Amino acid sequence: MASTSVSKKRKRGDGDDAKASFMLSTQPKSQLGPVLANFPSAIPSKSITFSCYQTGEKARVTEDADGVDFADLPTLVAGETDSVDFHSANQTTGCRYLVGVHDKKTGITTIRPAPLHTLTRDVKALKGLEPIAVSVLQRLEARAALGETFGTKKAKLAIKAQERNKVDVSAMETVVDHLQESIQKSTQALPSKEEAQATADSTRLVPPYNAEATIPSDVYSLHSIIPEAEWKTLSATPFLVVGQNQRTPLLPFKRSKWINQHLHSICESTSPSKTNIKILLYISYMMVFRKLATQSNLGKISLQEKLGSMPSAIADGLLSRFTENARSSSKPQFTSQKETLLLTHMFALCLRIDDYATDTELIAKDLSQSTHSINTLFKSMGCQIAKLTLTDLKRLGLPDSAAEAKRALLKVPLEFPKLRGKRR
């Protein structure tokens, strides 16, 4: 007869689900409650007692506020032993944690929010000690020791090379005084910044200038550019007795719009300035001289053959001031430095005609040069490249539309471009 066995395993009854229930804690929200603690570095002994404290300036404000949850209050958890202090490093925010307590008799689980603290430890014996300062040499030595022990073959070779290249400072102490004396002797011959600036000013490729001038007209004297012997050979009368269409053929250089415009404006005025007409004529001679000098080898005879109307005094003066003789040849050479000197002399005369506010773009077209290169030469003379102000327009008698174009302005006190130091 088969025996029957009865299973003693507990089976879930139909009413078990009704026995389990949850409820929120009925205690005041601000009352001290459970705290969750995280010990990432060391687990403390179970015998250590921890206390919870309210911290921060908010403690005075929230001590009577019953509506604030205990988990939201700024608190600190701390405990200690004879050798170690434990305290919370920070209170975790951004997440909410709940602690539930289950009562087996009633089957009710009471839930209450709890803060989470991450605790760290401090050894009491080490609190009064300060870390020993480590020098750069000690760091290098420790790094070299690690490299020798765990480094690759390439790293070890680099460490040995660095050791070979190390300078013995103690061996240099005996020669320090000698090195300082030799440096002082070597630097005595070097010019100061002011002396270098004075040397640069004296060697500038510009006409003779008066650095102490108080008005622009005194900066570049007229006869320092056009000697009096050459000035006497210039005549303005032929341009005043002929008509407008007959003036341009009288010029040595006939394709300059800048000269033609100024010559027409001066001759058509009520009181033509003979001085300005003679200056324009001399500028025309300088333009022809530059054109011939850049096209072929210069010689006094060939220049006079091509310019029969040029006075010999002017031809001799231009050749002597703006050419130089090469060592292997007796013929005068027109070098780039002499060309720059010729142009700056010419521009000083242009500034005088334009009341020291010259349109550089028009001159650049006459000389077949870029406006930038012409502006650079004007700057080397102490000019500023800028737009005209209302005061300048009124002084020059120009319309308001002329304010859109930049001009070369010569102002006092005279200031040349400063020397730029070399970049290190």
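It should be noted that the structure appears before, not after, this text.
1. Some thoughts on the overall build of the protein
Along the backbone of the protein there are 18 helices and 13 strands. Counting across all 424 residues of the protein, residues that qualify as buried make up 31%. Across the protein, the fraction of contacts at a sequence separation of at least 24, relative to all contacts at a separation of at least 6, is 65%. As presented, the protein carries roughly 29100 Å² of accessible surface, and 53% of it is formed by carbon and sulfur atoms.

2. Looking at the environment of T81
When you line up the elements, T81 lands in the loop between β4 (75–80) and β5 (84–91). Note on T81: relative accessible area 24%, which makes it partly exposed. Expressed as a C-alpha distance, the spacing of T81 and S45, which sit 36 residues apart in the sequence, is 9.2 Å.

3. Looking at the side chain of H117
When you line up the elements, H117 lands in strand β8 (residues 116–123). Its relative accessible area of 1% is what places H117 among the buried residues.

4. Observations concerning the nonpolar core
Formed by 62 residues in total, the largest nonpolar core has its most connected members in Y220, W258, I283, M346, F347 and L349. When contributions to this core are tallied by element, the ones reaching two or more residues are α8 (222–225), α11 (257–267), α12 (274–295), α14 (312–322), α15 (336–353), α16 (360–366), α17 (371–380) and β13 (406–410). Filtering out sequence-adjacent residues up to four positions away, W258 remains in contact with L280, I283, C350, I353, D354, T358, L362, I363 and D366. Core analysis: the next-biggest nonpolar cluster, separate from the first, contains six residues, A357, L393, A402 and L409 among them.

5. Overview of the pairing of strand β6 (residues 97–103)
With seven bridges connecting them, β6 and strand β7 (residues 108–114) associate as antiparallel partners. Note that in β7 the partner of V101 across the bridge is T110.

6. Observations concerning the pattern of salt bridges
Under the definition given, this model contains eight salt bridges. Two residues, K127 and D85, come together in a salt bridge whose shortest N-O distance is 2.5 Å. With K127 in the loop between β8 and α3 (136–150) and D85 in strand β5, the pair connects residues that are 42 residues apart, well separated along the chain. On the basis of relative accessible area, D85 is assigned to the buried category, the value being 14%. Two residues, R395 and D355, come together in a salt bridge whose shortest N-O distance is 3.1 Å. Note that R395 is positioned in helix α18 (residues 390–396) and D355 in the loop between α15 and β11 (357–358), a separation of 40 residues in sequence. Of the residues examined, D355 reaches a relative accessible area of 34% and is grouped as partly exposed.

What counts, and at which threshold
Residues numbered from 1 in each chain as written. Predicted model: local features only at pLDDT ≥ 70, side-chain atom pairs only at ≥ 80, totals over all residues. Heavy atoms only, no water. Helix = DSSP H or I, 4+ residues; strand = E, 2+ residues; numbered from the N terminus. Buried < 20%, exposed > 50% of the residue type's maximum accessible area, 1.4 Å probe, protein only. Contact = heavy atoms within 4.5 Å. Areas by Shrake-Rupley, 256 points an atom, 1.4 Å probe, with all protein chains shown as cover. Core = buried A, V, L, I, M, F, W, Y, C linked by side-chain atoms within 4.5 Å. Pairing = 2+ DSSP bridges. Salt bridge = Lys/Arg side-chain N within 4 Å of Asp/Glu carboxyl O.

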